[in-house]
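# Examination of the molecular architecture
Letter by letter, the chains look like this.
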Amino acid sequence: MLEHSLHNDQLPEPTLAELAARLAPVGLNAWGIADGAPWQDILPGCRSVLVLGSGGPTLWQALNDAVRADQGLLDGHLHPLDDFVARAIAEADPSPPPYRRWLRCAGDEAQQIDFRSLAQAAGLGHPSRLGLLLHPEYGPWLGLRAACFSQEDVRPTGPLRGLGPCLNCPAPCMCACPGNAVPAASWGRFSILKCSAFRKISTPCRIGCDARRACPEGAQHAYDALELHYHQDKRSGRVAWRRSLRT
Ligand code: B12
Ligand code: SF4
Ligand code: SF4
(Lines give C-alpha, C1' and ligand atoms only; values in the text may rest on other atoms or scores of the structure.)
(Ligands and ions follow the chains in the order given, each with its own letter.)
Protein backbone atom coordinates (compact mmCIF):
# COMPACT_ATOMS: atom_id res chain seq x y z
CA MET A 1 0.00 0.00 0.00
CA LEU A 2 1.40 3.41 -0.98
CA GLU A 3 1.71 6.01 1.76
CA HIS A 4 -0.08 8.66 -0.27
CA SER A 5 -2.75 6.81 -2.17
CA LEU A 6 -5.27 9.33 -0.85
CA HIS A 7 -4.37 12.92 -1.65
CA ASN A 8 -6.09 16.02 -2.86
CA ASP A 9 -9.03 16.17 -0.42
CA GLN A 10 -9.08 12.39 -0.04
CA LEU A 11 -10.16 11.68 -3.62
CA PRO A 12 -8.54 8.44 -4.74
CA GLU A 13 -5.57 9.10 -7.00
CA PRO A 14 -5.87 7.94 -10.59
CA THR A 15 -3.82 4.86 -11.38
CA LEU A 16 -1.23 4.94 -14.18
CA ALA A 17 -3.71 3.18 -16.48
CA GLU A 18 -6.37 5.78 -15.66
CA LEU A 19 -3.92 8.59 -16.41
CA ALA A 20 -3.14 6.97 -19.76
CA ALA A 21 -6.86 6.71 -20.52
CA ARG A 22 -7.38 10.41 -19.67
CA LEU A 23 -4.58 11.45 -22.05
CA ALA A 24 -5.40 9.19 -25.01
CA PRO A 25 -8.16 11.43 -26.45
CA VAL A 26 -5.75 14.36 -27.02
CA GLY A 27 -3.47 12.08 -29.04
CA LEU A 28 -1.19 10.58 -26.38
CA ASN A 29 -2.58 7.38 -27.75
CA ALA A 30 0.38 5.00 -27.42
CA TRP A 31 1.42 3.94 -23.96
CA GLY A 32 3.24 1.23 -22.09
CA ILE A 33 4.72 0.46 -18.68
CA ALA A 34 8.45 -0.01 -18.10
CA ASP A 35 10.10 -1.50 -15.03
CA GLY A 36 10.91 1.35 -12.64
CA ALA A 37 13.96 -0.23 -10.99
CA PRO A 38 16.58 1.52 -13.21
CA TRP A 39 15.09 4.97 -12.48
CA GLN A 40 15.90 5.47 -8.78
CA ASP A 41 17.81 8.67 -9.60
CA ILE A 42 14.63 10.15 -11.11
CA LEU A 43 12.31 8.98 -8.32
CA PRO A 44 13.62 7.12 -5.27
CA GLY A 45 11.50 3.99 -4.76
CA CYS A 46 10.36 4.05 -8.40
CA ARG A 47 8.75 0.76 -9.42
CA SER A 48 6.94 1.53 -12.67
CA VAL A 49 7.13 4.05 -15.48
CA LEU A 50 4.19 4.98 -17.68
CA VAL A 51 5.61 6.00 -21.06
CA LEU A 52 3.38 8.06 -23.34
CA GLY A 53 3.76 8.57 -27.06
CA SER A 54 1.71 10.05 -29.84
CA GLY A 55 1.02 7.72 -32.74
CA GLY A 56 0.14 9.26 -36.10
CA PRO A 57 -1.29 12.76 -36.46
CA THR A 58 -3.94 12.75 -33.66
CA LEU A 59 -1.93 14.90 -31.21
CA TRP A 60 -1.04 17.31 -34.00
CA GLN A 61 -4.71 17.62 -34.99
CA ALA A 62 -5.69 18.21 -31.35
CA LEU A 63 -3.12 21.03 -31.14
CA ASN A 64 -4.42 22.57 -34.35
CA ASP A 65 -8.03 22.35 -33.13
CA ALA A 66 -7.02 24.06 -29.88
CA VAL A 67 -5.32 26.88 -31.80
CA ARG A 68 -8.32 27.34 -34.09
CA ALA A 69 -10.43 27.76 -30.95
CA ASP A 70 -7.90 30.14 -29.31
CA GLN A 71 -5.52 32.01 -31.60
CA GLY A 72 -3.67 33.23 -28.49
CA LEU A 73 -1.97 29.83 -28.41
CA LEU A 74 -0.06 30.76 -31.57
CA ASP A 75 2.13 33.27 -29.78
CA GLY A 76 4.46 33.11 -26.83
CA HIS A 77 5.24 29.43 -27.23
CA LEU A 78 8.68 28.42 -28.48
CA HIS A 79 7.61 24.78 -28.72
CA PRO A 80 3.82 24.79 -29.04
CA LEU A 81 3.36 21.00 -29.26
CA ASP A 82 5.48 20.39 -26.15
CA ASP A 83 3.55 23.09 -24.28
CA PHE A 84 0.27 21.56 -25.41
CA VAL A 85 1.40 18.22 -23.95
CA ALA A 86 2.37 19.96 -20.69
CA ARG A 87 -1.12 21.48 -20.42
CA ALA A 88 -2.79 18.14 -21.18
CA ILE A 89 -0.78 16.45 -18.42
CA ALA A 90 -1.54 19.25 -15.94
CA GLU A 91 -5.26 18.81 -16.67
CA ALA A 92 -5.13 15.03 -16.37
CA ASP A 93 -3.02 15.05 -13.21
CA PRO A 94 -3.39 18.50 -11.61
CA SER A 95 -1.53 17.74 -8.37
CA PRO A 96 0.61 14.63 -8.66
CA PRO A 97 1.18 12.94 -5.29
CA PRO A 98 4.76 12.65 -3.96
CA TYR A 99 5.01 9.06 -5.18
CA ARG A 100 4.70 10.13 -8.84
CA ARG A 101 6.93 12.28 -11.03
CA TRP A 102 6.36 13.43 -14.60
CA LEU A 103 9.09 14.18 -17.13
CA ARG A 104 8.23 15.32 -20.62
CA CYS A 105 10.32 14.57 -23.69
CA ALA A 106 11.03 18.25 -24.25
CA GLY A 107 14.09 20.48 -24.40
CA ASP A 108 12.90 22.69 -21.54
CA GLU A 109 12.45 19.76 -19.13
CA ALA A 110 14.66 19.93 -16.01
CA GLN A 111 16.10 16.47 -16.52
CA GLN A 112 16.83 14.89 -19.90
CA ILE A 113 16.54 11.12 -20.29
CA ASP A 114 16.96 8.66 -23.15
CA PHE A 115 13.32 8.25 -24.21
CA ARG A 116 13.86 5.72 -27.01
CA SER A 117 15.42 3.17 -24.68
CA LEU A 118 12.76 3.82 -22.02
CA ALA A 119 9.96 3.41 -24.59
CA GLN A 120 11.55 0.23 -25.89
CA ALA A 121 11.54 -1.13 -22.32
CA ALA A 122 7.83 -0.26 -22.10
CA GLY A 123 7.07 -2.24 -25.26
CA LEU A 124 6.30 0.74 -27.47
CA GLY A 125 8.33 -0.61 -30.37
CA HIS A 126 11.40 -2.18 -31.90
CA PRO A 127 14.65 -0.42 -32.84
CA SER A 128 14.97 0.15 -36.59
CA ARG A 129 17.41 1.02 -39.34
CA LEU A 130 15.92 4.52 -39.26
CA GLY A 131 17.25 4.98 -35.74
CA LEU A 132 13.63 5.41 -34.64
CA LEU A 133 11.55 3.14 -32.48
CA LEU A 134 9.04 1.37 -34.76
CA HIS A 135 5.65 1.04 -33.11
CA PRO A 136 3.66 -2.13 -34.00
CA GLU A 137 0.74 -0.02 -35.25
CA TYR A 138 2.18 3.42 -36.01
CA GLY A 139 5.59 2.35 -37.36
CA PRO A 140 8.04 5.31 -37.43
CA TRP A 141 5.17 7.77 -36.91
CA LEU A 142 5.54 7.66 -33.15
CA GLY A 143 6.62 10.67 -31.09
CA LEU A 144 7.68 10.12 -27.50
CA ARG A 145 6.12 12.74 -25.29
CA ALA A 146 6.27 12.04 -21.57
CA ALA A 147 6.87 9.55 -18.80
CA CYS A 148 5.33 9.24 -15.37
CA PHE A 149 7.65 7.62 -12.81
CA SER A 150 5.78 6.05 -9.93
CA GLN A 151 6.20 4.00 -6.80
CA GLU A 152 3.10 2.06 -7.86
CA ASP A 153 3.83 -1.53 -8.71
CA VAL A 154 2.44 -2.16 -12.20
CA ARG A 155 3.43 -5.05 -14.44
CA PRO A 156 5.71 -3.94 -17.31
CA THR A 157 4.23 -4.22 -20.80
CA GLY A 158 7.57 -4.60 -22.57
CA PRO A 159 9.98 -5.01 -24.10
CA LEU A 160 8.36 -6.53 -27.17
CA ARG A 161 9.45 -10.00 -28.23
CA GLY A 162 11.31 -10.67 -31.45
CA LEU A 163 13.70 -8.62 -33.52
CA GLY A 164 11.20 -6.35 -35.22
CA PRO A 165 10.23 -5.73 -38.83
CA CYS A 166 13.63 -4.54 -40.16
CA LEU A 167 15.10 -8.05 -40.09
CA ASN A 168 13.13 -9.35 -43.08
CA CYS A 169 12.45 -6.06 -44.84
CA PRO A 170 14.00 -5.16 -48.21
CA ALA A 171 14.70 -1.72 -46.69
CA PRO A 172 13.04 0.79 -49.00
CA CYS A 173 14.10 3.34 -46.37
CA MET A 174 17.74 2.80 -47.34
CA CYS A 175 17.09 3.24 -51.08
CA ALA A 176 15.03 6.38 -50.39
CA CYS A 177 17.71 8.11 -48.31
CA PRO A 178 19.86 10.38 -50.49
CA GLY A 179 22.22 11.05 -47.58
CA ASN A 180 23.32 7.41 -47.10
CA ALA A 181 22.38 7.67 -43.45
CA VAL A 182 20.44 4.39 -43.32
CA PRO A 183 22.71 1.33 -42.87
CA ALA A 184 22.74 -1.55 -45.36
CA ALA A 185 22.52 -4.18 -42.63
CA SER A 186 19.43 -4.51 -40.44
CA TRP A 187 21.66 -4.48 -37.33
CA GLY A 188 23.66 -1.45 -38.53
CA ARG A 189 23.38 1.91 -36.83
CA PHE A 190 21.64 4.90 -38.39
CA SER A 191 24.17 7.69 -39.00
CA ILE A 192 22.90 10.83 -37.38
CA LEU A 193 26.09 12.55 -38.58
CA LYS A 194 25.44 11.79 -42.27
CA CYS A 195 21.78 12.72 -41.95
CA SER A 196 22.53 16.01 -40.19
CA ALA A 197 25.18 16.92 -42.78
CA PHE A 198 22.86 16.14 -45.68
CA ARG A 199 20.01 18.14 -44.20
CA LYS A 200 22.22 21.24 -44.38
CA ILE A 201 22.48 20.96 -48.17
CA SER A 202 19.10 19.47 -49.12
CA THR A 203 15.78 21.25 -48.77
CA PRO A 204 13.67 18.04 -49.04
CA CYS A 205 15.68 16.55 -46.16
CA ARG A 206 15.51 19.75 -44.12
CA ILE A 207 11.72 19.84 -44.20
CA GLY A 208 10.87 16.15 -44.65
CA CYS A 209 12.36 12.67 -44.70
CA ASP A 210 11.88 10.36 -47.68
CA ALA A 211 13.42 7.44 -45.79
CA ARG A 212 10.80 7.67 -43.05
CA ARG A 213 8.05 8.05 -45.66
CA ALA A 214 9.30 4.93 -47.48
CA CYS A 215 8.86 2.63 -44.49
CA PRO A 216 5.81 0.41 -45.00
CA GLU A 217 5.23 0.02 -41.24
CA GLY A 218 2.28 2.15 -40.09
CA ALA A 219 2.33 4.04 -43.40
CA GLN A 220 -1.35 4.94 -43.09
CA HIS A 221 -0.45 6.98 -39.98
CA ALA A 222 2.20 9.13 -41.70
CA TYR A 223 2.36 12.84 -40.85
CA ASP A 224 1.36 15.30 -43.55
CA ALA A 225 4.00 17.62 -45.04
CA LEU A 226 3.35 20.43 -42.56
CA GLU A 227 3.63 18.25 -39.47
CA LEU A 228 6.79 16.64 -40.82
CA HIS A 229 8.26 20.07 -41.50
CA TYR A 230 7.34 21.22 -37.98
CA HIS A 231 9.28 18.34 -36.43
CA GLN A 232 12.21 18.29 -38.86
CA ASP A 233 13.17 21.94 -38.78
CA LYS A 234 12.27 23.87 -35.67
CA ARG A 235 12.79 27.34 -37.10
CA SER A 236 11.13 27.23 -40.54
CA GLY A 237 8.66 24.51 -39.48
CA ARG A 238 7.16 26.69 -36.78
CA VAL A 239 6.92 29.67 -39.14
CA ALA A 240 5.09 27.52 -41.75
CA TRP A 241 2.78 26.13 -39.06
CA ARG A 242 1.88 29.56 -37.65
CA ARG A 243 1.24 30.88 -41.16
CA SER A 244 -1.13 27.98 -41.89
CA LEU A 245 -3.26 28.75 -38.84
CA ARG A 246 -3.44 32.54 -38.67
CA THR A 247 -6.89 33.77 -39.59
C1 B12 B 1 19.26 14.97 -29.52
C2 B12 B 1 18.16 14.39 -30.37
C3 B12 B 1 18.29 14.48 -31.75
C4 B12 B 1 19.54 15.00 -32.43
C5 B12 B 1 20.53 13.83 -32.58
C6 B12 B 1 21.78 14.04 -31.82
C7 B12 B 1 22.56 12.73 -31.70
N8 B12 B 1 23.82 12.86 -31.86
O9 B12 B 1 22.01 11.66 -31.48
C10 B12 B 1 18.98 15.49 -33.79
C11 B12 B 1 18.48 16.92 -33.64
C12 B12 B 1 19.92 15.41 -34.98
C13 B12 B 1 17.75 14.57 -33.90
C14 B12 B 1 17.16 14.24 -35.08
C15 B12 B 1 16.00 13.53 -35.17
N16 B12 B 1 15.21 13.14 -34.16
CO17 B12 B 1 15.72 13.24 -32.31
N18 B12 B 1 16.01 13.35 -30.46
C19 B12 B 1 17.01 13.79 -29.78
C20 B12 B 1 16.74 13.61 -28.28
C21 B12 B 1 16.29 14.95 -27.70
C22 B12 B 1 17.89 13.02 -27.49
C23 B12 B 1 18.57 11.81 -28.16
C24 B12 B 1 19.85 11.52 -27.44
O25 B12 B 1 20.81 12.22 -27.65
N26 B12 B 1 19.82 10.51 -26.55
C27 B12 B 1 20.86 10.26 -25.59
C28 B12 B 1 22.11 9.65 -26.23
C29 B12 B 1 23.01 9.17 -25.12
O30 B12 B 1 21.71 8.56 -27.04
P31 B12 B 1 22.65 7.95 -28.19
O32 B12 B 1 24.06 7.93 -27.79
O33 B12 B 1 22.28 8.61 -29.49
O34 B12 B 1 22.12 6.44 -28.25
C35 B12 B 1 22.12 5.61 -27.11
C36 B12 B 1 20.75 5.02 -26.87
O37 B12 B 1 19.73 5.96 -27.23
C38 B12 B 1 20.75 3.80 -27.75
N39 B12 B 1 20.11 4.03 -29.05
C40 B12 B 1 20.62 4.63 -30.12
N41 B12 B 1 19.74 4.65 -31.13
C42 B12 B 1 18.64 4.03 -30.68
C43 B12 B 1 17.45 3.78 -31.31
C44 B12 B 1 16.44 3.09 -30.64
C45 B12 B 1 15.16 2.83 -31.33
C46 B12 B 1 16.64 2.70 -29.28
C47 B12 B 1 15.60 1.97 -28.53
C48 B12 B 1 17.87 2.97 -28.64
C49 B12 B 1 18.83 3.63 -29.36
O50 B12 B 1 22.12 3.47 -27.99
C51 B12 B 1 22.98 4.44 -27.50
C52 B12 B 1 23.87 3.90 -26.43
O53 B12 B 1 23.16 3.64 -25.27
C54 B12 B 1 15.56 12.58 -28.31
C55 B12 B 1 14.55 12.71 -27.17
C56 B12 B 1 15.05 12.00 -25.94
N57 B12 B 1 15.13 12.72 -24.84
O58 B12 B 1 15.36 10.82 -25.97
C59 B12 B 1 14.91 12.86 -29.69
C60 B12 B 1 14.28 11.71 -30.44
C61 B12 B 1 15.18 10.49 -30.35
N62 B12 B 1 14.27 12.20 -31.81
C63 B12 B 1 13.24 11.82 -32.48
C64 B12 B 1 13.02 12.12 -33.86
C65 B12 B 1 11.66 11.72 -34.42
C66 B12 B 1 14.01 12.72 -34.64
C67 B12 B 1 13.95 13.07 -36.13
C68 B12 B 1 13.19 12.09 -37.02
C69 B12 B 1 13.49 14.50 -36.39
C70 B12 B 1 12.28 14.83 -35.71
N71 B12 B 1 12.44 15.47 -34.56
O72 B12 B 1 11.23 14.53 -36.18
C73 B12 B 1 15.43 13.17 -36.50
C74 B12 B 1 16.06 11.91 -37.07
C75 B12 B 1 16.59 10.98 -36.01
C76 B12 B 1 16.93 9.59 -36.41
N77 B12 B 1 16.48 9.07 -37.54
O78 B12 B 1 17.59 8.90 -35.64
C79 B12 B 1 12.29 11.01 -31.62
C80 B12 B 1 12.34 9.51 -31.92
C81 B12 B 1 10.95 8.87 -31.86
C82 B12 B 1 11.02 7.41 -32.19
N83 B12 B 1 9.91 6.88 -32.68
O84 B12 B 1 12.03 6.76 -32.00
C85 B12 B 1 12.78 11.39 -30.18
C86 B12 B 1 12.59 10.32 -29.13
C87 B12 B 1 12.01 12.69 -29.80
C88 B12 B 1 10.52 12.51 -29.62
N89 B12 B 1 9.87 13.53 -29.07
O90 B12 B 1 9.91 11.51 -29.93
N91 B12 B 1 17.34 14.15 -32.68
S1 SF4 C 1 11.60 0.33 -44.34
FE2 SF4 C 1 11.97 -1.73 -43.53
S3 SF4 C 1 14.16 -1.71 -42.92
FE4 SF4 C 1 13.48 0.43 -43.14
S5 SF4 C 1 12.84 1.04 -41.07
FE6 SF4 C 1 11.00 0.34 -42.17
S7 SF4 C 1 10.84 -1.85 -41.60
FE8 SF4 C 1 12.94 -1.22 -41.10
S1 SF4 D 1 16.32 13.40 -43.66
FE2 SF4 D 1 17.24 12.82 -45.64
S3 SF4 D 1 19.33 12.17 -45.10
FE4 SF4 D 1 18.16 12.14 -43.19
S5 SF4 D 1 17.37 10.03 -43.02
FE6 SF4 D 1 15.76 11.25 -44.01
S7 SF4 D 1 16.12 10.95 -46.20
FE8 SF4 D 1 18.02 10.33 -45.14
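See above for the structure.
These numbers were taken from a predicted model, which means no experiment stands behind them. (Residues numbered from 1 in each chain as written. Chains lettered and ligands numbered in written order. Predicted model: local features only at pLDDT ≥ 70, side-chain atom pairs only at ≥ 80, totals over all residues.)

Scanning the chain from terminus to terminus reveals ten helices and six strands. Taken over C-alpha atoms, the radius of gyration comes to 19 Å for the chain, in line with the 18 Å a tight globule of 247 residues would show. Along the first, second and third principal axes, the C-alpha set of the chain runs to 55 × 50 × 30 Å. Counting across all 247 residues of the chain, residues that qualify as buried make up 36%. Summarising the internal contacts of the chain: among those between residues at least 6 apart in sequence, 70% fall at separations of at least 24. (Helix = DSSP H or I, 4+ residues; strand = E, 2+ residues; numbered from the N terminus. Rg over C-alpha atoms; globule rule 2.2 N^0.38 Å. Buried ≥ 20, exposed ≤ 12 C-beta atoms within 10 Å, placed from the backbone. Contact = placed C-beta atoms within 7 Å.)

Moving on, we get to the packing of helix 9 (residues 225–232) against helix 10 (residues 234–245). One way to put it is that helix 9 packs onto helix 10 with a least axis distance of 7 Å and a crossing angle of 140°. Between helix 9 and helix 10, the residues in contact are L226, H229, Y230, H231 and Q232 and G237, R238, A240, W241 and S244, respectively. Class assignment for the residues of the contact of helix 9 with helix 10 results in four nonpolar, five polar and one charged. (Axes fitted to C-alpha atoms, helices over the stretch in contact; angles between N-to-C directions. Nonpolar A, V, L, I, M, F, W, Y, C, P; charged D, E, K, R; others polar.)

The subject of this paragraph is the site of ligand 1. Surrounding ligand 1, one finds 21 residues, the nearest of these being F115, G131, L132, L133 and H231. Secondary structure elements with two or more residues in the shell around ligand 1: helix 4 (115–121), strand 6 (142–150), helix 6 (192–201) and helix 9. (Near = placed C-beta within 6 Å.)

Let's shift gears to the sheet that holds strand 4 (residues 48–55). By definition, the strands of a sheet pair up through backbone hydrogen bonds, in either a parallel or an antiparallel sense. Taken in spatial order, the four strands make up an open sheet running 3-4-6-5, and their pairing is antiparallel. Two strands bound the open sheet, and with one partner strand each, they are strand 3 (30–35) and strand 5 (100–104). Neighbour to neighbour, the strand axes of the sheet diverge by 20° on average, direction disregarded. Looking at chain direction, strand 3 and strand 4 are connected through six bridges and run antiparallel. In the sheet register, I33 faces strand 4, and the bridge partner there is L50. (Pairing = 2+ DSSP bridges.)

Moving on, we get to the nonpolar core. Residues V49, L50, V51, L52, L118, A122 and A147 are the most contacted members of the largest nonpolar core, which totals 56 residues. For this core, the elements supplying multiple residues, two or more each, are helix 1 (16–23), strand 3, strand 4, helix 2 (58–69), helix 3 (80–92), helix 4, strand 6 and helix 5 (172–176). The residues contacting V49, other than those within four sequence positions of it, are I33, A34, G36, W39, L118, A122, A147, C148 and F149. (Core = buried A, V, L, I, M, F, W, Y, C linked by C-beta atoms within 7 Å.)

Residues of helix 1 that are buried include every one of L19, A20 and L23, and no others. Each buried residue of helix 1 sits inside an arc of 100° when the element is viewed along its axis, so together they form one side. Of the surrounding elements, those touching the buried residues of helix 1 are strand 3, strand 4, helix 3 and strand 6. (Arc of directions from axis to C-beta.)

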